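What follows is the residue order along each chain.
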Amino acid sequence: MISKKVNSVTEALTGVANGMTLLVGGFGLCGIPENAIAELVRLNVQQLTCVSNNAGVDDFGLGLLLKKHQIKKMVSSYVGENHEFERQMLNNEIEVELIPQGTLAERCRSAKVGIPAFFTPAGVGTEVAQGKEVREFNGKQYLLEYAVKADFALIKAWKGDEAGNIIFKGTARNFNQAMCGAAKVNVVEVEELVPVGTLNPNEIHVPGVFVQRIFQGEKYEKRIEKLTISE
Amino acid sequence: MLTKEQIAQRISRELQDGFYVNLGIGIPTLVANYVPNGINVEFQSENGVLGMGPFPTKEAVDADLINAGKQTITTLPGASFFDSELSFGMIRGQHIDLTVLGAMEVSQNGDIANWKIPGKMVKGMGGAMDLVASAENIIVAMMHTNRAGQSKLLKQCSLPLTGINCVKTIVTNLGLLTVENGKFLLKETAPEVGIEYIKSVTEGDLAVSPDCKTMLI
C-alpha cells in the first residue's frame, strides 16, 4: 500500500504559493473543501486563480477568499449567489472567466485523463465562442476547448483510506470527481479516514492513483444554501 | 392570464411516459409538481442526480443532497448519483429527453438569452449553454413581458445569447407559442386573453395558427 496520508491541513497544503491556479471542488456550498479553504485564508496566499463552479457565498466557501481579495481570477460557470463577487466583477476588481458548466467539468476531466483539448457544442454563437476555433461535425458546429492546467486540486470526499481511495456522498460528488487528478498535486479532505481494507473496492469513486495527499478534515459545517422543506 | 403555477401545469402536459427531464430554476422547477397521473418521468439535476423527489421534511434534510438551484431535495427509489462530467455527458449525449428553462429574451429564430445583462447583472450561464446546445426538445417558461412591460419575444435578442436556433416551444402567461420558419406561431391563448392583445405585446413576427385555441388548464 502506498500511503497518501498527511496529518494536517497545513501539511496537505504545503507548497501552495502566491499566483498559483487551484481547482476547488463543490457545487454551491455542497461538497466544498471547507478545511482547505480555511487554511488558504490562514496562509493568506495572494493572486490566486481559482477554478470552481461557483464562488461561494459572501461569508462562506470561496467567498472567504474573495472578501480578503486573495483571488486574482475566478473561472466559474455561475456566480449568482455571491454579491461581493458580483460587485468585484462589475467594478473590474477581479478577473472573471465564465464558462459553461459542462465545459468546465470536461476541461477538468480532460486534464485528468490526458486529453489536451476537445470539441463541445456549448456556447456556439455566443460570446463564449469569441476567439475559439469552430469546427463542424455531422452538420453541427462545435467549439474547441482546452484542458485546464492547475497546480493544486482541493477535493472534498465523504470517506477515504490511507491509500487515497475515495467515496463521495449524494450530490456532494459534483466537480470533486472530475477535478481529482486534474492538477499537479491533488489534495483530498474527507469526513472520515478509514483503515485500508475497510472500503469495498467495488464502490471506490476515485482510485488513490489520482490522489497525492489525503487527510481527515477537523470539522465540517456543511452549510445549506437554500433550505427548502416540504409542507 | 396564467399564474406561474399554471404555466408549469401547461408545460407538464408535454411530459411523456419514459422521459428524462431537466428543469431549470424558477417556473420550470414547478413543473415537477404537476406530472400527469399514469406516466413515469425522471428528473435530472445537472449537479449530479437522476430521480429527484420532492423537497425533504425537516427531519430528512441532508446538506449533501441538493438540486442545481441549491435547494435541499430528496431522491426517489431508482435514483442515481454521478459527477458533473458524467451529468453533462448525459446532456451533450442527448440522453435527456426534455429541457425546460427560463429566459430573459427569446428571438423568432429560436435564440435564447438568459445569463447576463451587461453592466448590471452577471450571474453566469451555469449549465444553460450546455443544455440548449445539445437538447433536442427545449421549452422556455417565462412571462411574456419584462417588468417594464416590454416584449420578451423579439425579432432579435438584445442581450448576450445563451444559445442559437434552439428554442422550440415557449409557454408564457399569455399563451403557448412555437418557433417555426423564423416566426413565432401562436397555438394556444391563455383563458380570457385575446389574440390581438398577444400581438400587441409581441415584438417579434407573430403568426397565428389556424388551429389556435384557448388553453385548457
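Note: the structure precedes this text.
Predicted model, so just to flag it, every value in this text is computed and none were measured. Note on numbering: residues in each chain are counted from 1, in written sequence order. Both sets of labels track the order of writing: A upward for chains, 1 upward for ligands. Given that the model is predicted, a residue must reach a pLDDT of at least 70 before its local features are reported, and side-chain atom pairs must reach 80 or more before they are shown or counted; all residues, however, enter totals for whole chains, interfaces and linings. Calculated side-chain values reflect all of the structure's heavy atoms, with hydrogen atoms and water omitted.

What follows deals with the packing of aromatic side chains. All names here are of chain A. The rule is short: rings of Phe, Tyr and Trp, with Trp giving its six-membered ring, pair when the centres are within 6.5 Å, and they are stacked under 30 degrees, edge-to-face over 60, tilted in between. Counted under the stated rule, the structure contains two aromatic pairs over all chains. When the ring of Phe119 is compared with that of Phe137, the centres are 5.1 Å apart and the planes differ by 65°; the resulting orientation is edge-to-face. Of this pair, Phe119 sits in strand 5 (residues 117–120) while Phe137 sits in strand 6 (residues 134–137); the two residues are 18 residues apart in sequence, bridging distant segments of the chain. Summary of the burial criterion: residues with accessible area below 20% of their type's maximum are buried, those above 50% are exposed, and those between are partly exposed, where the area comes from a 1.4 Å probe applied to protein chains only. Note on Phe119: relative accessible area 26%, which makes it partly exposed. Judged by its relative accessible area of 32%, Phe137 falls in the partly exposed class. Taking the centre distance of 5.6 Å and the plane angle of 70° together, the rings of Phe137 and Tyr142 count as edge-to-face. Two thresholds decide whether a charge sits over a ring: the Lys NZ or Arg CZ must be within 6 Å of the ring centre and within 35 degrees of the ring normal. The ring of Phe210 has Lys112 sitting right over it, with the charged end atom 4.5 Å from the ring centre. In this arrangement the basic side chain of Lys159 is found over the ring face of Trp158, its NZ or CZ atom lying 4.5 Å from the centre. The helix and strand labels rest on DSSP assignments: H or I over at least four residues marks a helix, E over at least two residues marks a strand, and numbering proceeds from the N terminus.

Take unusual backbone geometry next. Residues and elements named next belong to chain A. Although it is not a glycine, Asn44 adopts a positive phi angle of roughly 55°. Its relative accessible area of 36% is what places Asn44 among the partly exposed residues. Even without being a glycine, Asn174 presents a positive backbone phi close to 20°. Checked against the element boundaries, Asn174 lands in helix 6 (residues 174–179).

What follows covers the nonpolar core. Ile11, Val106, Ile112, Val140, Ile170 and Phe184 of chain B are the most contacted members of the largest nonpolar core, which totals 47 residues. If one sorts the elements of this core by residue count, strand 10 (residues 138–141) of chain B sits on top with four residues. A contact between two residues is defined here by any heavy atoms of the two lying within 4.5 Å. With near-sequence residues (within four places) excluded, Ile170 of chain B lies in contact with Val106, Val140, Met142, Leu153, Gly175, Leu176, Leu177, Val179 and Phe184 of chain B. Of all hydrophobic cores here, the second largest spans 43 residues; its members include Ile32, Leu66 and Met89 of chain A together with Trp115 of chain B. Residues belong to a common nonpolar core when they are buried Ala, Val, Leu, Ile, Met, Phe, Trp, Tyr or Cys residues joined through side-chain atoms within 4.5 Å.

All names here are of chain A. Burial of strand 1 (residues 21–24) is two-sided: the residues Thr21 and Leu23 facing one way and the residues Leu22 and Val24 facing the other way are all buried. Two strands qualify as a pair provided that DSSP identifies no fewer than 2 bridges between them. Taken together, the three bridges between strand 1 and strand 2 (residues 48–51) define a ladder with parallel strand orientation. Along strand 2, the bridge assignment pairs Leu22 with Cys50. Summarising the sheet, strand 1 and strand 8 (residues 152–161) pair through three bridges and their orientation is parallel. Looking at strand 8, one finds that Val24 is bridged to Leu154.

Time to look at the sheet that holds strand 10 of chain B. All names here are of chain B. Strand order in the open sheet formed by 10 strands is 4-3-2-1-5-10-12-13-14-15, with mixed pairing between adjacent strands. Every interior strand has two partners, whereas the edge strands, strand 4 (75–81) and strand 15 (206–214), have only one. Within this sheet the neighbouring strands show an average axis-to-axis angle of 25°, counted without direction. The angle between two axes is taken between their N-to-C directions and runs from 0 to 180 degrees, where each axis is a line fitted to C-alpha atoms and a helix contributes only its stretch in contact. Running over the sheet, helix 3 (residues 84–92) touches strand 1 (20–23), strand 2 (42–45) and strand 3 (49–52) and is turned about 125° from strand 2.

The next thing to look at is helix 4 (residues 83–90) of chain A. Turn by turn, an α-helix covers 3.6 residues, leaving residues three or four places apart pointing in a common direction. Taken residue by residue, helix 4 of chain A has Phe85, Glu86, Gln88 and Met89 of chain A as its buried positions. Around the axis of helix 4 of chain A, the buried residues are gathered within 165° of arc, so they sit on the same side. Structurally, helix 4 of chain A contributes buried residues whose contacts are with helix 3 (63–67), strand 3 (71–76) and strand 4 (95–98) of chain A together with strand 9 (121–122) of chain B. For this analysis, a polar contact is any N or O atom pair within 3.5 Å, provided that within protein one partner can donate a hydrogen and the other can accept it, and provided that sequence-adjacent residues contribute only side-chain to side-chain pairs. Its side-chain oxygen at 3.1 Å from the backbone nitrogen of Glu84 of chain A, Asn82 of chain A defines the N-terminal cap of helix 4 of chain A. The directions considered for the arc run from the helix axis to the C-beta atoms.

With that settled, consider the state of the cysteines. Residue and element names in this part refer to chain B. For the purposes of this analysis, a disulfide is any pair of cysteine sulfur atoms at a distance within 2.5 Å. Summed over all chains, the structure comprises zero disulfides over all chains. Looking at Cys157, it has no disulfide partner, and the nearest cysteine sulfur is the one in Cys166, 9.1 Å off. On the accessibility criterion, Cys157 (17% relative accessible area) is buried.

On to the packing of helix 5 (residues 101–113) of chain A against helix 3 of chain B, then. Contact geometry of helix 5 of chain A with helix 3 of chain B gives a least axis separation of 9 Å together with a crossing angle of 125°. Compared by their axis directions, helix 5 of chain A and helix 3 of chain B come out oblique. In the crossing of helix 5 of chain A with helix 3 of chain B, the sense of the turn from one axis to the other is left-handed. Each of Gln101, Gly102, Thr103, Ala105, Glu106 and Arg109 of chain A in helix 5 of chain A lies in contact with helix 3 of chain B, whose residues at this interface are Ser84, Glu85, Phe88 and Arg92 of chain B. Considering only residue class, the contact of helix 5 of chain A with helix 3 of chain B consists of two nonpolar, four polar and four charged. Oblique is the label for any angle not covered by the other classes, which are roughly parallel (under 35 degrees), roughly antiparallel (over 145) and roughly perpendicular (65 to 115). A clockwise turn of the near helix away from the far one marks a right-handed crossing, whereas an anticlockwise turn of less than a right angle marks a left-handed crossing. The nonpolar class holds Ala, Val, Leu, Ile, Met, Phe, Trp, Tyr, Cys and Pro. Asp, Glu, Lys and Arg form the charged class, and all remaining residues, Gly among them, are polar.

This paragraph deals with helix 5 of chain A. Residues and elements named next belong to chain A. Here, expected helix span is obtained from the residue count minus one, scaled by 1.5 Å. The terminal C-alpha atoms of helix 5, which comprises 13 residues, lie 19 Å apart, in line with the 18 Å expected from a rise of 1.5 Å per residue. With 10 of 13 residues buried, helix 5 is to be regarded as a mostly interior element. Buried residues of helix 5: Gln101, Gly102, Thr103, Leu104, Ala105, Glu106, Arg107, Cys108, Ser110 and Lys112, and no others. Residue Gly114 follows helix 5 closely and has a positive phi angle near 80°.

This paragraph deals with the pairing of strand 7 (residues 140–146) of chain A. All names here are of chain A. Sheet topology note: the strand 5/strand 7 ladder contains four bridges and is antiparallel. Across the sheet, residue Phe118 finds its bridge partner in strand 7, namely Glu145. Count of turn residues in the strand 6/strand 7 antiparallel hairpin: two residues, of which Asn138 carries a positive phi of about 50°.

In this section: the side chain of Asn67 of chain B. The residue Asn67 of chain B is located in the loop between strand 3 and strand 4 in this model. Asn67 of chain B gets classed as buried once you look at its relative accessible area, which sits at 7%. Side-chain polar atoms of Asn67 of chain B contact the backbone nitrogen of Gly69 of chain B, separated by 2.9 Å. The residues touching Asn67 of chain B, leaving out its near neighbours within four places in the chain, are Phe27 of chain A together with Ser45, Asn47, Met52, Phe55 and Ile73 of chain B.

With 49 residues of chain A in contact, the opposing surface of chain B contributes 49 residues. For the pair chain A and chain B, the two sides together bury roughly 3,900 Å², of which 59% comes from carbon and sulfur. Ranking the residues of chain A by area buried against chain B places Phe27, Thr171 and Thr228 of chain A at the top, with a combined share of 15%. The term salt bridge refers to a side-chain nitrogen of Lys or Arg lying within 4 Å of a carboxyl oxygen of Asp or Glu. The tally of links between chain A and chain B comes to six salt bridges. Two residues, Glu127 of chain A and Lys116 of chain B, come together in a salt bridge whose shortest N-O distance is 2.7 Å. On the surface where chain A and chain B come into contact, there are 25 residue pairs in polar contact (both at pLDDT 80 or more). Broken down by secondary-structure element, the contributors of at least two residues to the side of chain A that touches chain B are helix 4, helix 5 and helix 6 of chain A. Values labelled buried area give the accessible surface lost by two parts on being combined, using a 1.4 Å probe and summing over both.

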